Every structure is written in structure tokens, then in C-alpha cells.
Amino acid sequence: MRKIFAFIMTTLDGYYEGPNQEFDFWVVDEEFEEFSVEQLDEVDALLFGRVTYEGMAAYWPTPAAERDDPSVAAKMNGLSKIVVSRTLEKAEWTNTRLIKDDITQELRALKEQPGKDIAILGSSDLTVSLLELGLVDEVRIMVNPVVLGAGKSVFRTAGERISLKLLKSRPFDSGNVLLYYQPA
């Protein structure tokens, strides 16, 4: 059975987006780029919520992405993509499929299909929803050595506690720390 894992970057104080919706504080270096390619090699499908999908679709198929990060751009553009949204009318990024209804049933069926794992990149609201539905098998949190003091919290639940069990951790030379969890 395929696994769905979520990969989310956060600051030390728990924000994945700055107070003005900025993402300019991530600590990204060559080691991070190598990790990104390795992680994308684990999957054959990417799963996004609408907001993250729109941001990714606006960047990765561009000449700037291909110039700045050719190996990641090739993978992002070549992989199968799934968008979960009730409001998005169409998904035009190459190899993208839109799921609007029966999300639980669709994703359970997808997990049963043969293939590599499925990665949720960003999409913290989707991650929380799918954790609550029992559909996420692993959560990977990349903690960046940055304190913002304000922004959008990485996990906002409807008051429900989600317990996780630490599987392993990986420090990066940059000060980033990758934490691997599974739902408890």
C-alpha cells in the first residue's frame, strides 16, 4: 500500500508563512536542494490544496524555475499532481488531476493503487484535514532556524489534538532540522 506523507517547512516558532504572506525566510542551500531531489525520488504523485497548488503551478513551469533549480523543476513538472479543492474550477499544470468530491474515498483508492508514495508539499490546511481523516501516514517537518514572531501557524486544527510519534530526526549543516513523525 502506498503511503501519503506531508512535508512542511516551519520556523522555530511554528510559522510556515510570514505575517504578510511572505516565504522569503527559508534556509535553503545545496544540502537542502539535494534532500529535495531525494525526497521527490520517493514519490510518483504530489498532493496539494488549492492555495499551494496555485503557487506551485505559477512558479515551477516557468523559465525562472528551470534556470534556478533545474533538477527540482524537472521533477515537479514531470510528476503526477493531484489538487484537492471544492472551489478550483480547473487545474491546468501538466499531469494534474482535480478532486472535488468524495475526497476520502478517492485518496483511499489512490493509496491502494500500485506505485511509489504520495507527497503533500506545503498545504498545511489539507494536511490537518487528512490527518484528522486518518489518511496521512507520516509528517515531515523541516524546522528552519528563524524566529518570525507572527505569521500563519503551520497547524491550525478545529480544536482537536493530533498526537504524533517521533520516528527520527536529521540535522542539516544550515541549522535546519528535519523531524519525521507518524500519527500516534
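In what follows, the accompanying structure is described. (Residues numbered from 1 in each chain as written. Predicted model: local features only at pLDDT ≥ 70, side-chain atom pairs only at ≥ 80, totals over all residues. Heavy atoms only, no water.)

## Focus on the side chain of T127
Here T127 shows up in helix α6 (residues 124-132). Of the residues examined, T127 reaches a relative accessible area of 0% and is grouped as buried. Setting aside its immediate chain neighbours within four residues, T127 contacts A6, I8, I120, G122, V136 and F155. (Helix = DSSP H or I, 4+ residues; strand = E, 2+ residues; numbered from the N terminus. Buried < 20%, exposed > 50% of the residue type's maximum accessible area, 1.4 Å probe, protein only. Contact = heavy atoms within 4.5 Å.)

## Points about helix α5 (residues 103-112)
Each α-helix turn comprises 3.6 residues. Residues three or four places apart therefore point the same way. Taken together, the buried positions of α5 are I103, L107, L110 and K111. Projected onto a plane normal to the axis of α5, the buried residues spread over an arc of 100° and lie on a single side. Across from the buried face of α5, at angles greater than 90 degrees, the exposed residues are Q105 and E112. Tucked inside the fold, the buried residues of α5 contact β1 (4-11), β3 (43-49), β4 (80-84), β5 (96-99), β6 (117-121) and α6. (Arc of directions from axis to C-beta.)

## Considering the sheet that holds strand β9 (residues 164-171)
Ordered by their spatial adjacency, 8 strands build an open sheet running β5-β4-β3-β6-β1-β7-β10-β9, and the pairing between neighbours is mixed. Both edges of this open sheet fall to β5 and β9, since each of them pairs with a single strand only. Between one strand axis and the next, the sheet turns through 25° on average, direction left out of account. Summarising the sheet, β1 and β6 pair through 4 bridges and their orientation is parallel. Counterpart to F7 in the pairing with β6 is L121. Sheet strands touched by helix α2 (residues 50-59): β3, β4, β5 and β6. Its angle to β3, the strand with the most contacts, is close to 115°. In this fold α6 packs onto β1, β3, β4, β6, β7 (138-144) and β10 (177-183), with an angle of close to 105° to the strand it touches most, β3. (Pairing = 2+ DSSP bridges. Axes fitted to C-alpha atoms, helices over the stretch in contact; angles between N-to-C directions.)

## Looking at the pattern of salt bridges
Applying the stated rule across the entire model yields 11 salt bridges. Between E138 and K3 there is a salt bridge; the shortest N-O distance is 3.4 Å. Here E138 is found in strand β7, whereas its partner K3 is found in the segment before β1, with 135 residues between them in sequence. Exposure remark for K3: the relative accessible area of 25% places this residue in the partly exposed category. With a closest N to O distance of 2.5 Å, E138 and R140 form a salt bridge. It is possible to trace a salt-bridge network through shared partners that takes in K3, E42, E138 and R140. (Salt bridge = Lys/Arg side-chain N within 4 Å of Asp/Glu carboxyl O.)

## Structural notes on the packing of aromatic side chains
For the coordinates displayed, the defined rule picks out 8 aromatic pairs. Taken together, a centroid distance of 6.2 Å and an interplanar angle of 25° make the contact between F48 and W93 stacked. One end of the pair, F48, is in strand β3; the other, W93, is in the loop between β4 and β5, and 45 residues separate them in sequence. What makes F48 buried here is its relative accessible area of 0%. What makes W93 buried here is its relative accessible area of 6%. In this arrangement the basic side chain of K81 is found over the ring face of W93, its NZ or CZ atom lying 4.6 Å from the centre. Above the face of the F5 ring, R140 is positioned so that its terminal group lies 3.7 Å from the ring centre. (Phe/Tyr/Trp six-rings, centres within 6.5 Å; stacked < 30°, edge-to-face > 60°. Lys NZ or Arg CZ within 6 Å of the ring centre and 35° of its normal.)

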